[in-house]
Amino acid sequence: MFKLEKSIAIEQNDDVHCAHGKVAVQGIGMSVYSFYVDGLLIDTGSNSLTEEFQSFFRELPIEQVALTHSHEDHSGNAAWIQQHMGVPIYVHHESIADCAQDGDYQLYRQALWGQRPAFIAHPFSETIVTKSTTWDIIATPGHTTDHLSFYNRATGAMFTGDLYIQTKTKVVLDEENVVHTLASLKKLLHYDFEKVYCCHAGYLADGRAKIIEKIAYLEELEGEIRKLYERGYSVEDITKAIFRRDYPITKVSGEQWSSKHIITAFTNQFIQESLR
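Residues numbered from 1 in each chain as written. Predicted model: local features only at pLDDT ≥ 70, side-chain atom pairs only at ≥ 80, totals over all residues. Heavy atoms only, no water.

Visitor: Tell me about the overall build of the protein chain, and please be specific about residues and values.
Guide: A tally of regular secondary structure across the protein chain gives ten helices and 15 strands. Rg of the C-alpha trace for the protein chain: 19 Å, near the compact-globule value of 19 Å for 276 residues, within the 12% margin. Considering only C-alpha atoms, the protein chain reaches an extent of 60 × 50 × 35 Å along its principal axes. Counting only residues that meet the buried cut, the protein chain has 53% of its 276 residues in that class. Put simply, 62% of the contacts in the protein chain that link residues at least 6 apart link residues at least 24 apart. One way to put it: in the protein chain the 25 positive side-chain charges average out to a point 6 Å from where the 37 negative ones average out. (Helix = DSSP H or I, 4+ residues; strand = E, 2+ residues; numbered from the N terminus. Rg over C-alpha atoms; globule rule 2.2 N^0.38 Å. Buried < 20%, exposed > 50% of the residue type's maximum accessible area, 1.4 Å probe, protein only. Contact = heavy atoms within 4.5 Å. Lys, Arg positive; Asp, Glu negative; His and termini not counted. Charge placed at Lys NZ, Arg CZ, Asp CG, Glu CD.)

Listed below in structure tokens is the structure:
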């Protein structure tokens, strides 16, 4: 049995309370955030950190919960909140049925994030209304099809879930479509924001600049992939040419996380373009 190392740190930026949970197993470490502002809890952290996040939740007058998506590191404590606080929990309508069942995912994810219990979620309305303001709910698919971002109209803060994570993406989940991620990142730029709250990178004071940097990186990456694709390279050959490092998560996850999925998404787009 592997030992799980875990911790949590609480900080505040402007009016946003940020809980930063960390887990590590066999040298593989991950971070996940939960954010609270104006009665609204955005994401609930992982069940592997349930005691740590519960200490955070108990100090807050939570009135409602908004999930950026249904992955277990974001919804892992939703059941506890429902049982102990009785507040409504909202998620993309496509994921309501999945949330009503215990989480079903690979053992390596269970080792890091724990087992996500079932809970009852509700579909979002057109906006989120809190005590002081109205929030825009922005469909930002890519990381998952049910992924949403939340924009606070009063403060201009943008909560991006797993849309950003880091500037130079090297590996993605097999369910992620990085072409859609790129489109979603560009979509955010229609909003007036500077500060970003990312569920893995945390608070980014220069968040708009970080989003722009990631867009530039993905567009440059797309160009490199296109050149090799047009020269007849296979997905495997393009992957080896561009991503020369072997990332530990690829082996641990049985290639559920892989650089190859980035290449596949772009080459599939090129194929679709040629058929139009």
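Visitor: Provide a residue-level description of the pairing of strand S1 (residues 4–13), including the pertinent values.
Guide: Two strands pair when backbone bridges link them, and S1 and strand S2 (residues 16–25) are joined in this way by ten bridges, in the antiparallel orientation. Looking at S2, one finds that Lys 6 is bridged to Val 23. The loop that links S1 with its antiparallel partner S2 comprises two residues; one of these, Asp 14, has a positive phi angle of about 55 degrees. (Pairing = 2+ DSSP bridges.)

Visitor: Tell me what's going on with a negative patch on the surface, and back it up with residues and numbers.
Guide: Side chains of Asp 192, Glu 194, Asp 206 and Glu 213 sit close together on the surface and give a patch of like negative charge. Summarising the element assignment, Glu 194 is placed in the loop between helix H6 (178–188) and strand S13 (196–198). Looking at Glu 194, the relative accessible area reads 48%, which means it is partly exposed. (Patch = residues over 30% accessible without salt bridge, like charges linked within 9 Å, V, L, I, M, F, W, Y side chains within 5 Å. Areas by Shrake-Rupley, 256 points an atom, 1.4 Å probe, with all protein chains shown as cover. Salt bridge = Lys/Arg side-chain N within 4 Å of Asp/Glu carboxyl O.)

Visitor: Describe in detail the pattern of salt bridges, supporting the description with residues and values.
Guide: Under the defined criterion, the tally for this structure stands at eight salt bridges. A salt bridge links Glu 72 to Arg 109; its shortest N-O distance comes to 2.8 Å. Taken together, the positions of Glu 72 in helix H2 (residues 72–75) and Arg 109 in helix H5 (residues 107–113) put the pair 37 residues apart, joining distant regions of the chain. With a closest N to O distance of 3.5 Å, Glu 255 and Lys 260 form a salt bridge. Several salt bridges converge on common partners, so that one network encompasses Glu 222, Arg 226 and Glu 273.

Visitor: Which residues make up the sheet that holds S2, and what values do they have?
Guide: Reading across from one edge, S1-S2-S3-S4-S5-S6-S7 is the order of the seven strands in this open sheet, with mixed pairing throughout. The sheet terminates laterally at S1 and strand S7 (122–123), the two strands that pair on one side only. In terms of strand pairing, strand S3 (residues 28–37) meets strand S4 (residues 40–42) through three bridges, oriented antiparallel. Among the inter-strand pairings, Val 37 is bridged to a residue of S4, identified as Leu 40.

Visitor: Lay out the packing of aromatic side chains in plain terms, naming residues and giving numbers.
Guide: In this structure the tally under the stated criterion is 13 aromatic pairs. Both rings, one in Phe 35 and one in Tyr 197, keep their centres 5.4 Å apart while their planes meet at 70 degrees; by these two values the pair is edge-to-face. Remark: Tyr 197 occurs in strand S13 and Phe 35 occurs in strand S3; sequence separation between them is 162 residues. Summarising the burial analysis for this pair, Phe 35 and Tyr 197 share the class buried. Here a set of aromatic residues connected by ring pairs shows up, and it is made of Tyr 33, Phe 35, Trp 135, Phe 159, Tyr 197 and Tyr 203. Between Arg 208 and the ring centre of Phe 193, over which it is positioned, the NZ or CZ distance is 5.0 Å. Above the face of the Tyr 164 ring, Lys 214 is positioned so that its terminal group lies 5.7 Å from the ring centre. (Phe/Tyr/Trp six-rings, centres within 6.5 Å; stacked < 30°, edge-to-face > 60°. Lys NZ or Arg CZ within 6 Å of the ring centre and 35° of its normal.)

Visitor: Lay out the sheet that holds strand S8 (residues 127–129) in plain terms, naming residues and giving numbers.
Guide: With mixed pairing, six strands are arranged side by side in an open sheet as S8-S9-S10-S11-S13-S14. Only two strands of the sheet have a single partner each, and these edge strands are S8 and strand S14 (202–204). The average undirected angle you get between the axes of adjacent strands in this sheet is 25 degrees. Relative to strand S9 (residues 134–139), H6 is tilted by about 150 degrees, and along the sheet it contacts S9, strand S10 (148–152) and strand S11 (158–161). (Axes fitted to C-alpha atoms, helices over the stretch in contact; angles between N-to-C directions.)

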